[in-house]
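Report on the structure
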Amino acid sequence: MSTTWQTKAFATILFYTVAIPSLLAQQTHRTITGRIIDAETFTPVPYANVGIAGTSTGTVSNGEGAFIIKVPEKLQQDSLMVSFIGYQTFTQPISDIKEGPLSISLKPATVVLDEVLVEAQRKSAVEIIKEAIAAIPSNYDTAATQYRAFYREETTLEDQEVTFIESVLEVDRPSYVSKELDDQITTVKERRKNLDHSADPMLYHVLRLQGGAKYTIRSGDFIRFYKKPHKHSMLNEKNLKDYEFHLNRIISDGQKDMYEIEISPKHNKKAYVQGKMYLETQSLAFVRWELESTQKGIDLENSRNALQKKIGTMVTKASLKLSYFKEVINFDNHNHKWYVRDVQRDFEGLVNSRSRNMKNNLWKTNLFLTVTDIYSSNDKLAHMDRIYTGEHSGKHFSDDELFWENFNVIHPTSSSISGEFTVYTDTTSTFSGNAVHQPHTPVSNRQNGFTRADSLRGQLTPLRTCYDVTFYDLDVEVYIDDRFISGSNKIRFLVTEPFKNMQVDLYANMEIHKILYGNTELDYTREFNAVFIEFPNPLKQGTEEEITVFYSGKPKEPNKDISMDGGFMWEKDEEGNPWVQVVCQGSGASLWWPNKDHLSDEPDSARIAVTVPKGLMNISNGRLRKTTELPGNLTRYEWYVTYPINNYNVTLNIGKYMHLQDLHITDDTLTLDYYVMPYNLEKGKIIFDGVKPMLAVLESHYGKYPFPRDGFKLMESLYPMEHQSAVSFGKIPEHEVKEPLEAPMGLVWHEVAHEWWGNNVSCKDMADMWFHEAFATYSERLYMMDLFGEEGEAGFIQDLPDQVIGREPIIGVRDVNHIHYDIGDMYGKGALVLHTFRNVLDNDELWLALQSGIQCDFRYQTITTDDLVNYINIKTKADYTYFFDQYLKHAGLPKLILKLEEKNHSLVVNYKWEADVDNFSMPIRITTFSGTFGWIHPTTDWQDIRLEEMSYEDFEVDQQSFLIEVEEL
């Protein structure tokens, strides 16, 4: 199975919202408008904080200094407060404010007396910053928090509008002790300016910034960055050495004193930002963060996801390079904790497209988010009100205030409200004044524990080890309109130990009609999803026996909120025809047919017969042996699998498919069968044209295709899945596909690689499924290499670290069918583990021999991680157990601890590993000469090396080749 394959560079964020009937606001709001100006220059003060004193309710002024704030009735006896760095805070009781627009003049902030500054300077600016970073956990709220915010996104190309979006968002941020760290974002109300890009949709797709709202919200989350600092972040203390810090002054806004610290790069250092920070002198909380990228920062950003950007450029015939970035974050104090008040992010770039006669056309994106209300679970009293919205989905209407109702927003400018809009509303959000994070559906995992049902499913008890399945004969009819199936499965097995009782598996919601042993109906009992069968007499060891289970029911459907929770998908294709697929990796095949549902036991062969309404086709595993027309306008498709197959790979795909055929001729001939929706035929041909070159590459690394007798099938489907000899890659994208780069070929390579990793060699327990996904993900690099050579491989690897989650070990818990955990680390992190090990070997000939050897020596077998590691140790004549124990059995990465000291034109490097495994001793590459990597062999004890004619600036650890953390003391 695959994570979604997508181009990361510049994708569109779409929010899907639901309109519901209008409801009246629950209380009366007073609207106050006005303009904020500088008391001395009389010029507008843009983006000043406007709020209700002592509460979190507020907004900011717009770029012209104008503001609008809606004050709920219960706060109308409080005071209006206006503040901005560099000015004294303005307050006025709301009851004293007359009707009509206000004009508020802000006086410049007071500069603290020189002797106070001298006193402050006894502590250096960098010491202040270090103390401020250390104080982040106490200054900022770590409890579960809910925000209401207004978000605006504007993008232009030269003088042409590209996007204009305004939204009211509700953000549910879980506690930082929670396993789930992702913000849950709901778009309550939104409007998008109707801009016609039909003449060049591909170009405008490139110009839209990816994840604008999500990353704007996240950028002010200092707790997140403190807990897991990015290697280039200013909150990562080890980066402070690359900057000069200067305490300019201490200013007071009448309520608090603040340090103003200027930040600039040291000469020739790895400094990526410059600007100013403002910190409250008492708590050392960051009050304002005003940084822009240096040229090194711009270059770094342009190099990120370089491969994906290159692919995007090739597809769209246009390039976009960043030339400027600035971020301003303001924080406000609420109930003795600091929270983000607003975030502004400004991007500029240059667009070039020879085919469009564009040369260095200026692209700009401005993102602005202001938090208009906050509720924390630490608050004793909630003052958050649910604001109900009316039904306004459709075209723009003239009354801007009516549209936003009682939500606080940024006052519109004349340009922002001109034009036609499409608007959306949603009253289903969860912003209730209760910030307790609601968990997903309870599942069995390390956090929640495991149940007897999990043990019955995952454990090899004597009721299962007493027999070995040799053949399944599955015969099922699918009633599409009723989402119902009915049929039987004959289970042929070898008796390995004498027994009278055995266990098979079928989900409890599926009904068993009878179980036959020959002509004898057997007794059985059920517990959860296990079925315990009793024979009239003990079965003798060494005999081959058969039972047939007759059953029916409505099989479960997937729950997409739970990892690997599979089931039947009942959908329609674009022409309204039924389209059905089953995906059950993890959940297990017993969700739709009775079997011994444990990965350790694969039948030697299987027959799969599926009856469907006439006019539809069913594609299953193996070869199609017979098609039979039946009474009642039904068609029966009979497929036969001649190789061992794991149960979750047994599948059906029902739809109105078009069938194409081809041959892959090498030293033998492999039949190729392709299935695609008729309306996607031309797009499908582009994908299918890439199959033979792909198979040639994969075979050169892993050996011949493992299932030649059954042929190779590739199909469009509802969901991508590596079903053995019947691989599916999901729906073909709706956008135009004229060349392979526009098709989901990386995903195709991933799923087809599973024919070797997962189908030919399979795990014996779900806990070891990592090697299925790690090798399949790492195989995607072969596609990039096929396109771009070594640059393609390097670009692919460069993108993987962002996918690492790192909250749980990659290996799961054994004997409980452990599937509900951070399975994403089986993919990206797993691939990086393989990449790291390949570099540790430092011998690609040996690496290739290991991969093909595993495929040959474990052909058609189920194995464990221990089997794999022992094999590697034998073949390499070295013990790498420590390596795999660290990376697979522990969530954390090994950390290289360094002490660097320049001495007499040389660099002395002290180093050691810090790891969970006591004997961790992985070799690593560092720069031993300027621009040249060499090996060192750290252990968990300190060692040192003297690098002649090397400086601190020359030193680097090869983190592109090794998945590690580095800490410099």
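That block above? That's the structure.
The structure displayed is predicted, hence computed values, not measured ones.

Further remarks concern the overall build of the protein. When you go through the protein residue by residue, the secondary structure sums to 20 helices and 48 strands. At 32 Å, the protein has a C-alpha radius of gyration in line with the 30 Å of a compact globule built from 969 residues. Counting only C-alpha atoms, the protein reaches 100 × 75 × 60 Å along its principal axes. A burial count over the protein gives 56% of its 969 residues as buried. Counted over contacts in the protein with a minimum sequence separation of 6, partners at least 24 positions apart contribute 69%. When the accessible surface of the protein is totalled, it reaches about 40300 Å², and 49% of it is carbon and sulfur. The centroid of the 98 positive side-chain charges in the protein is displaced by 1 Å from the centroid of its 139 negative side-chain charges.

A separate point is the packing of aromatic side chains. For the structure on display, the rule yields 49 aromatic pairs. Taking the centre distance of 5.1 Å and the plane angle of 90 degrees together, the rings of tyrosine 517 and phenylalanine 535 count as edge-to-face. Here phenylalanine 535 lies in strand E27 (residues 530-539) and tyrosine 517 lies in strand E24 (residues 511-517), a separation of 18 residues in the sequence. Exposure remark for tyrosine 517: the relative accessible area of 23% places this residue in the partly exposed category.

Okay, empty space enclosed by the protein next. Inspection of the entire model under this criterion finds 8 cavities of 30 Å³ or more. Approximately 110 Å³ is the volume attributed to the second largest cavity. Tyr140, Asp141, Tyr147, Arg173 and Trp338 are the residues nearest the centre of the second largest cavity, which is lined by 14 residues in total. Of all the secondary-structure elements, those providing two or more residues to the lining of the second largest cavity are strand E9 (145-157), helix H6 (222-227) and strand E17 (337-353). With 3 residues, the single largest contributor to the lining of the second largest cavity is E17. Across the lining of the second largest cavity, the residue classes break down as 9 nonpolar, 2 polar and 3 charged.

Taken in spatial order, the 8 strands make up an open sheet running E25-E24-E28-E22-E21-E31-E34-E33, and their pairing is mixed. Either end of the sheet is taken by a strand with one partner, and the two such strands are strand E25 (520-521) and strand E33 (623-630). One ladder, built from 12 bridges, connects strand E21 (residues 467-479) with strand E22 (residues 484-495); its direction is antiparallel. Residue pairing for E22: aspartate 473 is matched across the bridge by lysine 490.

Rules of the game
Residues numbered from 1 in each chain as written. Predicted model: local features only at pLDDT ≥ 70, side-chain atom pairs only at ≥ 80, totals over all residues. Heavy atoms only, no water. Helix = DSSP H or I, 4+ residues; strand = E, 2+ residues; numbered from the N terminus. Rg over C-alpha atoms; globule rule 2.2 N^0.38 Å. Buried < 20%, exposed > 50% of the residue type's maximum accessible area, 1.4 Å probe, protein only. Contact = heavy atoms within 4.5 Å. Areas by Shrake-Rupley, 256 points an atom, 1.4 Å probe, with all protein chains shown as cover. Lys, Arg positive; Asp, Glu negative; His and termini not counted. Charge placed at Lys NZ, Arg CZ, Asp CG, Glu CD. Phe/Tyr/Trp six-rings, centres within 6.5 Å; stacked < 30°, edge-to-face > 60°. 1 Å grid on protein atoms, 1.4 Å probe; cavity = no way out; pocket = protein on both sides within 12 Å on 5 of 7 lines; lining within 4 Å. Points joined across faces, edges and corners; volume = space filled by probe spheres on them. Nonpolar A, V, L, I, M, F, W, Y, C, P; charged D, E, K, R; others polar. Pairing = 2+ DSSP bridges.

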